[in-house]
Amino acid sequence: MRRLALLTVFLLLSVSTTAQTPQPRPLQADGVVRLLADLEAGLGSARIEDFSAFAGATLPDAEAALYTDLIGGGPATVAAIRERARRPIDNGVEVLAEVLVGHGRRGRLATWQITARPTAADPSRYELVGLQELATIDDLLQLSLNTEQQYAVKNLAFRGPDFTLELSSGSAFAAESNGGITGLVLRGRGTVRFTPENEAERGQLRLFAGRPAFETDIESAFLRINPNDVPLRMNQSALSPSAVNPEDVRRALEIFDDRSPRSYTLDLSDLTQETWSLEPTRGGMIVEFRSRRHGWLTYSRSPGEPEDISFFDRGRTKNISVYASKEQLAERGRFYSDDDTRGYDVIRHGLDVTFDPARSWISGRAAMLIRVVKPLVNTLTFKLAEPLTISAVSSTDYGRLLTLRIRGQSNVIVSLPRALRAGTELVLDVSYNGRLNPQMLDREAIAPQGQQTQDPFAIERILIAPEPRYLYSNRVYWYPQGETSDFATAAMRLTVPSEFQVVASGRFVNSSLSEVPASESGAGDAKFRRTVEYEADRPARYMAVVISRFVPIDRVQVKVPALAPIAFEKAAGARVDAEPIVEVEVVSTPRMTSRNRQTPARVADMLRFYATRLGEAPYPNFTLAGLDDNLPGGHSPAFFAVLHQPLPTTPFSWVNDPVSFDQIYPHFFLAHEVAHQWFGQAIGWKNYHEQWLSEGFAQYFAMLYAEQERGPEAVTEIVKRMRASAVEFSDRGPIYLGYRLGHVQSDGRVFRAIVYNKAAVVLHMLRRLVGDDAFFAGVRDFYATWRFKKAGTNDLRQTFEKHTPMKLERFFDRWVLGADLPRVRVATGIANDGQTAIVRVEQIGGVFDFPLAVTIQYADGTSEQVDVKISEATSEHRLARQRDIRRVTVRDELSLAVIDR
């Protein structure tokens, strides 16, 4: 009964807590405010007589001890109490408040439930009759630089995994906690070396600095470290006390004030203007240093992360290197999932969000039904875009919950009043609002890098501004989401000004218009608003919405072999699928209506083709939103896709972009986006390294659809073009590097050439190696096994190995995890019988598995192409035929092997 009650509350989006619905303040509100002020002042004075002045006679001793233990530590250097919510009770009021108390460098943050009632002597004053601590976070640190003690530095060495900072001479100032040094400002003559062993990371360093290992002279640095790690990482004997130089103090403070707030700092701006932070965990560290050539750079180790080492340029938001240390690899293994460290699973979202596109303003209320997956969980972390302000987080079980935000991050930490065991289900209710810009397209969109026309005035002359559109999807955390991308169902109620229409994840349920109350409307604002409801009854990795002025084109139905089963049958208005049909709708911005007249039939055919190949459609609804733009591109969340369609007046040309196939098959972009409903949405990826499973498969299935429409010649031309771009950019890194390909150089073409095109060519080579039957059986098995789950490269390999006797570990290691391409020498001949072709292949360097196309020309003028499977350093292949052979040639433009001529 308890689970059913939770779900009912959740579906109605009306989780009732006092924190969420502001109550009219009682007439005695001033008395409550005065009591909170007295409590705050009492913490500052630490006098027991001050506490006695406002503590009621009925206050239990155990509850009084919560307060007296705090003042027993002496006067608080920082004391702040902020009321968050209140509700009237019999003969009094119950108040929820957040409390910050600091003693010296240490601080404590807590949520208190305060019960107060009017005093008998003066009803305008209140006394404390109940005090409960609902949640607490201890060991906050107010970091400050000790400018009274300067150190002379001689031959200092600080070491982290693959990292060394050496300072031959200079000065230092320390920031301390109770455990010792936790921060250090260094100035002087020094050197930093960063030397990862991972070949892919060395490649990224080469792109960044010209060498596979990074070394630079430095003159300034700032370190944060756990005090217990200092003796392990640094020779403290290199620091000797020296006389304090005022100029050194000034320069050290400049560095400290600039760099220290950037890491481990909490956002407590509504409680105090002072800066409070968390101490680094054991093994954790941040080293910021100023390079003469590159400016400030940062080395970081975060032991709790699957990839615990990172090296980045904070100012330019560039991740230069991210990988797992040897210790981390030994603990987690070669492959990992983002979910390995998560504490809970999101089962369902309930969203009630209002958008004001003109102001980029969002006001929302979200309910998350979660299930704990770790043995014990004391805190929950969810993500919400950093610009959005949280007004309350609560639950039906525990009421208002204490929350913390790390400054500059989207992470929100929720402290629980007690540990939750695995299997526990909980509804989190979050109210939030703020200004949040819509997201740009994913990196499959073609950016104007080299595509601009030669005429510098062409853009100003003929560029037409596209119809405004507002996309809120996976790149901006517009609603509270789990620690990692998660499969969940959802009920959404979305409100926009009435002149806009909405396309969102799920099945359209209802739409209504309502008048905007005069109290909420300003001059020039819309007088009516539109509210639409969507139900996502199959799990989706994330929810998305696009808002624009859409014109309906058409609706069609597509019969498919099967539909994925409904995941949440108790959803309001949930349907039972009588037969496997996908409802397809196409809408577009006004300029694109004529261009999209045939699109509904085309989309329907694509969905039918993919569902037939894979045995099932994952979602029962699909909406395509055609948008006018000056460059092509697309984005495909679950249940819908947006397709950017170039205006005829665009000044750009994209014919040389790696993913431009307009001249071969003009609907390739559309086919790619539709395929994402299976690859990328129904099947997610375990971490960013595995994004190729989404983009590579979507690219390959788009190519398969092009083959159906245009024949095998189209496939040959498309693969040749994909191969050319993959070879051109192959030295930029392996497929497995994911989004980081091209990131250092800010060149999206690298990402598209490798993650899209090279991945698709690799799949085509795999098909040629194992044969069509094994390949497509493997793909169907992969989809069926991993539908609505996250998969990785190793999972794909194991699936394919069930359908072929070949061992494929080396194939995926070389082609996906490695960046090299095989170089081969080939010699051909004809045996003495005149009917046997001889092909000798020598691999120069590492051994790869790949198919090699051999063309045999016969004496009668005909020819055939035969795939030879290459898997050894040197091999000879004798191809016996039934006819006389005139010539044997090897020129494979569908394989990534490079043949030496």
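Provided above is the structure to which this section pertains.
Each chain carries its own residue numbering, running from 1 in the direction its sequence is written. Only residues with pLDDT of 70 or above have their local features reported here, since the model is predicted, and side-chain atom pairs are shown and tallied only from 80 upward, although totals for entire chains, interfaces and linings are computed over all residues. Hydrogens and water are ignored here; the side-chain numbers use all heavy atoms of the structure.

Student: What am I meant to see in the sheet that holds strand 24 (residues 501-504) here?
Tutor: Whenever strands of a sheet pair, they do so through backbone hydrogen bonds, lying parallel or antiparallel. Strand pairing follows a simple DSSP-based rule, namely that at least 2 bridges must link the two strands. Only DSSP runs of H or I reaching four residues or more are called helices, and only runs of E reaching two or more are called strands; each is numbered from the N terminus. Within the open sheet, the three strands sit side by side as 22-27-24. Their pairing is antiparallel. Edge strands, defined here as strands with exactly one partner in the open sheet, are strand 22 (469-472) and strand 24. Along the sheet, successive strands turn relative to each other by an average axial angle of 15°, direction set aside. Alignment of strand 22 against strand 27 (residues 545-548), held across four bridges, turns out to be antiparallel. Within strand 27, the residue paired with Arg-469 across the bridge is Ser-548. Angles shown run from 0 to 180 degrees and are taken between the N-to-C directions of axes, each axis being a line fitted to C-alpha atoms and, for helices, limited to the stretch in contact.

Student: How should the pattern of salt bridges be read in this particular structure?
Tutor: Opposite charge on two side chains lets them pair, provided their charged atoms get close. Here, a salt bridge means any Lys or Arg side-chain nitrogen found within 4 Å of an Asp or Glu carboxyl oxygen. Evaluation of the coordinates by the stated rule reveals 66 salt bridges. In this structure, Arg-250 and Glu-254 form a salt bridge, with 2.7 Å as the shortest nitrogen-oxygen distance. Taken together, the positions of Arg-250 and Glu-254, both in helix 7 (residues 246-259) and four residues apart, correspond to about one turn of that helix. With a relative accessible area of 39%, Arg-250 lands in the partly exposed category. Note on exposure labels: buried denotes an accessible area under 20% of the residue type's maximum, exposed denotes more than 50%, and partly exposed covers the range between, all computed with a 1.4 Å probe on protein chains only.

Student: Would you mind showing me how to read the pairing of strand 27 here?
Tutor: Regular strands place side chains that alternate from one sheet face to the opposite one. The alternating pattern of strand 27 places Val-545 and Ile-547 and Val-546 and Ser-548 on opposite faces, both of which are buried. Note: strand 24 against strand 27, four bridges, orientation antiparallel. The residue bridging Gln-501 from the neighbouring strand is Ser-548, located in strand 27.

Student: I would appreciate a short explanation of helix 12 (residues 692-710) in the present structure.
Tutor: Because the α-helix completes a turn every 3.6 residues, residues three or four places apart line up on one side. Expected helix span is taken as 1.5 Å per residue step, with the number of steps being one fewer than the number of residues. The terminal C-alpha atoms of helix 12 lie 26 Å apart, and with 19 residues this matches the ideal 27 Å at 1.5 Å per residue to within 8%. The buried fraction of helix 12 amounts to 15 of the 19 residues, a majority that puts the element mostly inside the structure. Two residues or fewer past helix 12, Gly-711 is found with a positive phi of approximately 95°.

Student: I keep staring at unusual backbone geometry and nothing clicks. Help me out?
Tutor: Apart from glycine, the bulk of residues carry a negative phi angle, and the bulk of peptide bonds sit in the trans form. Even without being a glycine, Asn-155 presents a positive backbone phi close to 55°. If you trace the backbone, Asn-155 turns up in strand 5 (residues 150-160).

Student: Quick question: what am I supposed to make of the sheet that holds strand 40 (residues 885-890) here?
Tutor: Strand order in the open sheet formed by three strands is 38-37-40, with antiparallel pairing between adjacent strands. The outermost strands of the open sheet, each flanked by one partner alone, are strand 38 (863-870) and strand 40. Neighbouring strand axes in the sheet, compared pairwise and without regard to direction, differ in orientation by 25° on average. In this sheet, strand 40 lies alongside strand 37 (residues 850-858) in antiparallel orientation, the contact comprising five bridges. Paired with Val-854 across the bridge in strand 40 is Val-890. Pairs of residues are marked as contacts when any of their non-hydrogen atoms sit within 4.5 Å. Against the sheet, helix 14 (residues 748-770) engages strand 37 and strand 38, with an angle of about 65° to strand 37.

Student: Would you take a moment to explain the packing of helix 15 (residues 772-786) against helix 16 (residues 793-801) for this structure?
Tutor: One can describe the packing of helix 15 onto helix 16 by two numbers: an axis separation of 8 Å at closest approach and a directional angle of 130°. On the basis of the axis angle, helix 15 is oblique to helix 16. The two elements helix 15 and helix 16 cross, and the hand of that crossing is right-handed. When helix 15 is examined against helix 16, the residues Ala-774, Phe-775, Gly-778, Val-779, Asp-781, Phe-782 and Trp-786 are found in contact with a partner set consisting of Asp-795, Leu-796, Thr-799 and Phe-800. Under this scheme an angle from 65 to 115 degrees is roughly perpendicular, one under 35 degrees roughly parallel, and one over 145 degrees roughly antiparallel; angles in between are oblique. Crossing handedness is read from the near helix: turned anticlockwise from the far helix by less than a right angle, it gives a left-handed crossing, and turned clockwise, a right-handed one.

Student: Can you walk me through the packing of aromatic side chains in this structure?
Tutor: Ring pairs (aromatic) are described by centroid distance and by the angle formed between their planes. Aromatic pairs are defined between Phe, Tyr and Trp rings, using the six-membered ring for Trp, whenever the two ring centres lie within 6.5 Å; interplanar angles under 30 degrees are classed as stacked, those over 60 as edge-to-face, and all others as tilted. Overall, the coordinates contain 41 aromatic pairs when judged by the stated rule. Ring centres 5.1 Å apart and planes at 65° place the aromatic pair Tyr-688 and Tyr-739 in the edge-to-face group. One end of the pair, Tyr-688, is in the loop between strand 33 (683-685) and helix 12; the other, Tyr-739, is in the loop between helix 13 (712-728) and helix 14, and 51 residues separate them in sequence. Taking the relative accessible area as the measure of exposure, Tyr-739 reaches 26% and is therefore partly exposed. For the ring pair Phe-697 and Phe-782, a centre distance of 6.1 Å and an interplane angle of 25° mean the geometry is stacked. Linking Phe-697 in helix 12 with Phe-782 in helix 15, this pair joins segments that are 85 residues apart in sequence. For the pair shown, Phe-697 and Phe-782 are each scored as buried. Here Arg-883 stacks its cationic end above the ring of Tyr-858, 3.9 Å away from the centre of that ring. Over a ring means this: the NZ of a Lys or the CZ of an Arg is within 6 Å of the ring centre and within 35 degrees of the ring normal.

Student: Just to check I follow, could you spell out the side chain of Asp-308 for this structure?
Tutor: Turning to its location among the elements, Asp-308 is positioned in the loop between strand 11 (295-301) and strand 12 (309-313). With residues up to four places along the chain from it excluded, the contact list for Asp-308 reads Ser-300, Arg-301, Ser-302, Pro-303, Tyr-323, Ala-324, Ser-325 and Gln-328.

Student: In this structure, what is going on with the nonpolar core? I would like to understand it.
Tutor: Residue types Ala, Val, Leu, Ile, Met, Phe, Trp, Tyr and Cys, when buried and joined through side-chain atoms within 4.5 Å, form a set referred to as a nonpolar core. Judged by nonpolar contacts, the single largest core of 174 residues is most densely connected at Phe-355, Phe-382, Trp-478, Leu-494, Tyr-610, Trp-678 and Trp-692. With sequence-adjacent residues up to four places away left out, Leu-494 is seen in contact with Val-353, Phe-355, Trp-478, Val-502, Ala-504, Arg-530, Thr-531, Val-532 and Val-545. Core analysis: the next-biggest nonpolar cluster, separate from the first, contains 36 residues, Leu-167, Leu-223, Met-285 and Tyr-323 among them.

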